[in-house]
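# Architecture and fold: a report
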Amino acid sequence: MYKRKIPPSLDCGLDLIGEVLYGKWKIRLLYFINEGHQRPSELQRKIPTAPRRVLNIQLKELEQHGLVAKTIFRQIPPKAEYRLTKFGKTLIPLIGALGKWGDKNQKRLRKVISGQSVKASGIV
């Protein structure tokens, strides 16, 4: 397993949030689990560009941070499902607010992400 070379900075709430939610797919995983997509294969279909291995690693990290819980059903073939914990559910309003902000500002954000100058494009 990956071991950090530099210890994380945990000096303020933003550092803590970044430490828990850092990862390209974690916020989307939380959102989709909240929406009812609980099996790893369902999550993979919702985020097809994410490698399965990366999703599994990030799900495990979310589990270690107490945001999701994993239930393994002892059957053949084995089945696993994820659900948000009570603590994980507290993030959903924040994720929703971030999504609304992104939707509201998507034109500007697309320009910034694609490397175009916001001032040159007239979007302020």
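Scroll up a little and you will see the structure.
All values derive from a computational prediction rather than experimental measurement.

## Remarks on the packing of aromatic side chains
- Within the structure shown, the criterion is met by 1 aromatic pair.
- Ring plane angle 65 degrees and centroid distance 5.5 Å describe the contact between Tyr-31 and Phe-32, whose orientation is recorded as edge-to-face.
- Overall, the relative accessible area of 39% leaves Tyr-31 in the partly exposed class.
- Using a relative accessible area of 11% as the deciding quantity, one classes Phe-32 as buried.

## Regarding the nonpolar core
- Grouped together as the largest cluster of nonpolar side chains are 19 residues, with contacts concentrated most on Leu-29, Leu-30, Ile-33, Ile-47 and Val-68.
- For this core, the secondary-structure elements that each account for two or more residues are helix H2 (26–34), helix H4 (52–64), strand E2 (79–84) and helix H6 (92–104).
- Here this core gets 4 residues from one element, more than from any other, and that element is H2.
- For Leu-30, the residues in contact, after removing those within four places along its chain, are Leu-21, Leu-62, Leu-67, Val-68, Leu-84, Leu-91, Ile-92 and Ile-95.

Cut-offs applied
- Residues numbered from 1 in each chain as written.
- Predicted model: local features only at pLDDT ≥ 70, side-chain atom pairs only at ≥ 80, totals over all residues.
- Heavy atoms only, no water.
- Phe/Tyr/Trp six-rings, centres within 6.5 Å; stacked < 30°, edge-to-face > 60°.
- Buried < 20%, exposed > 50% of the residue type's maximum accessible area, 1.4 Å probe, protein only.
- Core = buried A, V, L, I, M, F, W, Y, C linked by side-chain atoms within 4.5 Å.
- Helix = DSSP H or I, 4+ residues; strand = E, 2+ residues; numbered from the N terminus.
- Contact = heavy atoms within 4.5 Å.

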